[in-house]
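One-letter residues, chain by chain:
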Amino acid sequence: MTAQCSGFDIRLLGSLRITYAGRELPLRSAQRRAVFSALALTPERGLSRDELIAAVWGEHPPASATGNLYTYVSALRRMLEPDRHRWSSGGVLTSEGGSYRLHVDADAVDVHRFERLRERSRAPRAAGDTTGELAALDAALAEWRGDEALVGVPGPRAAGHRIRLGELYLTTVERQAELMLGLGRGAEVVDRLLALAGRHPARESLYAVAMRALAAQGRTAEALALYAALRDRLVEEAGTEPAAALRQIHEQLLGGNPAHPRAPGPAPSRHPGFRGRSAALAHLRSAVTGLAGGRGGSVWVSGEAGIGKSALLAEGLSGAAPLGVRVGWAVGDELAYRMPLSIVLECLSLGDAGLPASLHACTGGASPTMTVIDTVQRFVVARCAERPLLLVLDDLQWADDMSLLIWHALHKLTTRLPLLLVSAARPVPAGYEVRLLRRVLPRDGTALIELGPLDDDTAAGLVRTWSRPPGPDLGTARSFVAAAAGNPYYLRHLVLADRDGRTADTPGPELTDAVSRHLQPLADDTRQLLRAIAFLGNNYLVTDLAAVTGRSAPELLPAVEEALAAGLLVEDGRRLRFRHPVIRRVLRGAIPTALRVLMHRQFAQRLAEAGGDLGRVAGQLLAGPVPVDAWVQDWLTAHAAQLSAVAPAPAIAVLRHAVAAPGLSAPARELLTAQLARVLHRSGLPAGAEASWVSAHTGDAATRAEMDRIAVGTPVSGQR
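Residues numbered from 1 in each chain as written. Predicted model: local features only at pLDDT ≥ 70, side-chain atom pairs only at ≥ 80, totals over all residues. Heavy atoms only, no water.

1. Points about the sheet that holds strand E14 (residues 575-578)
The antiparallel open sheet is built from three strands, whose spatial order is E12-E14-E13. Of all strands in the sheet, those bounded by a partner on one side alone are strand E12 (540-541) and strand E13 (569-572). Relative to E14, E12 is paired through two bridges, and the arrangement is antiparallel. Each residue of the ladder has a partner; that of Leu541, found in E14, is Arg575. Helix H23 (residues 524-536) contacts E12, E13 and E14 of the sheet and is inclined by roughly 95° relative to E14. (Pairing = 2+ DSSP bridges. Helix = DSSP H or I, 4+ residues; strand = E, 2+ residues; numbered from the N terminus. Contact = heavy atoms within 4.5 Å. Axes fitted to C-alpha atoms, helices over the stretch in contact; angles between N-to-C directions.)

Right, dumping it as structure tokens:
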């Protein structure tokens, strides 16, 4: 094994730049840059000749691609090792068995340094160490020069990595800005946020943190103008409003609280055209009626992201205020979940400054937790003495630990006061405290409402409600319902995408962003697992995932469990599949076609090398469809007969694809065409054309006789 070469510094986060021992190395042609970038992105393994050709030219390489690749590799070797003897293979860029590998340490490449530093920020974040998390994020972002990776590098592989790295960059900038806002350093990030918002007009999370940063600097008018521009664009292009969190920030700014944009908000508006959920609605309305009559209680609404928890709360609790009930309503969000008491202060402000003032008085000296809890309880008791009180915490999974302790303590008051507490939370992400609260509260009398998928009739009704006349035809509406699997959030975005002439297989920025928002809170390993499953297809074994990801089944288990808990995957026996087909289609459709073909080719080979199911290997070859290169030809010639026996339908499809390939060798074409004729004949399908071709081209008498019998429809020996 060749040792890793030291002294290199490779910069891909911006314009491509290579230095060795402090001296910059020239990379002249664009194609040479594409080859080098592909190798630098995967220094832990080699890339085959076909992978590099696909990385540079995509689906339709020129006839001279192989020769050109040799030329580029030779030029790169001369550049990387100018003192290398002409006939020496060298030690930096080597070739073996038709593959090429760049022997540099991963930390010599800024992409890998950025991802490692970003990963390092997770430990202090989990521990609540804001300073440590911010230091890791600062170091990660320091690797970037500009805000686009692989500038000027052509080819589908570079394009795919540009998308992936761009998303990681924006997510990291947003998180860094959130932390700096919490430390009162908003002035340091506001200009960069505004510049990025201008370049990413569909990214609402970026607008949210930019508006907060502007408000913190007293630039309320600019924050309102930023929101207005976003809203006008969304209404014009998609017929929809900004997300609830952005609307709340906007309302708070209009209310004159620019410095602290988490001011109390009223109960949200009911969703027009709300349908279904009759049992859950009846329970909430009964609880509100009981509260108006002086009876307290507690309700916990649980369900996957986008399943309609917020809409249910708005609909089911809308009758509280007309019955004389005072309402406090707060919505958690990831931007502020590290701020102590943030969500409770919002929920309990109630237009009365008494609670915040008393809490600030007792927390200024870092008072004990019980002092804070007692202060809140006394405040709530006093409000309940005036009139019944409904407190709602939506998106509770983002609540800080102190707010959760207070929320638990308030439940003790519901048995003796006119106090109704309503919580809504996703199962994932949720820290230990949220999971504990979810287990404990039902034992103390909290009613649990689990929201599952909408039934098909209700979902179809929503499609009609959200569509512009005349609306999609019946078949299209049914396809939306099936793709969303009863999730109204995905269903709505499918309808909006249809207005723009897009589908889940060719997703626009709104649908892609909708899926990304739900996946973003998950661990990086879980998101990578979901992308792998999206390319594999449904009903794959964990052993298959281990083969294509290069990770063992035990290593994959935490990611699988998180995806299952989040409701993104479901178990089908020992296999895994997406609960919502739209997620798989968006994850796969967001990748450029040429890169998708390359990934299917890689997955097919990895499955085959791990001894995977033959039908699944064939499925990967067909999914691209993957061009028939030397490896594909060798695999088919070795396994065509067995594949035909165990999986005739995939065998017929992949063999037809192979024999039509122009680069197939003559012996392989004869063998595979003969096998195609056999499996067609056994399946009762016409095989005369294939059999006649083999009969005319084979030099083997036995094969000719067999093909002649197939051509005239005579059963072959051993067949019934």
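2. Points about the pairing of strand E1 (residues 8-11)
Going residue by residue along E1, you find Phe8 and Ile10 tucked away on one face and Asp9 and Arg11 left uncovered on the opposite face. Between E1 and strand E2 (residues 17-20), which pair antiparallel one after the other, the connecting turn spans five residues, and Gly14 there sits at a positive phi close to 135°. (Buried < 20%, exposed > 50% of the residue type's maximum accessible area, 1.4 Å probe, protein only.)

3. Focus: the packing of aromatic side chains
One pass over the full model with this rule turns up seven aromatic pairs. Ring geometry for Phe8 and Tyr20: centres 4.6 Å apart, planes at 40°, overall tilted. In this pair, Phe8 is assigned in strand E1 and Tyr20 in strand E2, connecting sequence segments twelve residues apart. Look at Phe8 and you get buried, because its relative accessible area is 9%. Among the residues examined, Tyr20 registers a relative accessible area of 33% and is labelled partly exposed. Ring plane angle 45° and centroid distance 4.6 Å describe the contact between Trp144 and Tyr169, whose orientation is recorded as tilted. Note that Trp144 is positioned in the loop between helix H6 (130-141) and helix H7 (156-182) and Tyr169 in helix H7, a separation of 25 residues in sequence. Members of the aromatic cluster, connected to one another through ring pairs, are Phe114, Trp144 and Tyr169. Just above the ring of Phe379 sits the side chain of Arg383; from NZ or CZ to the centre is 4.7 Å. (Phe/Tyr/Trp six-rings, centres within 6.5 Å; stacked < 30°, edge-to-face > 60°. Lys NZ or Arg CZ within 6 Å of the ring centre and 35° of its normal.)

4. Comments concerning the side chain of Arg426
One can find Arg426 in the loop between strand E10 (419-425) and helix H18 (432-443). For the buried Arg426, which has no salt bridge, the nearest side chain bearing the opposite charge is Asp395, at an N-O separation of 4.4 Å. When near neighbours in sequence (up to four residues on either side) are disregarded, Arg426 contacts Gly303, Ala305, Lys309, Asp395, Gln397, His518 and Pro521. (Lys, Arg positive; Asp, Glu negative; His and termini not counted. Salt bridge = Lys/Arg side-chain N within 4 Å of Asp/Glu carboxyl O.)

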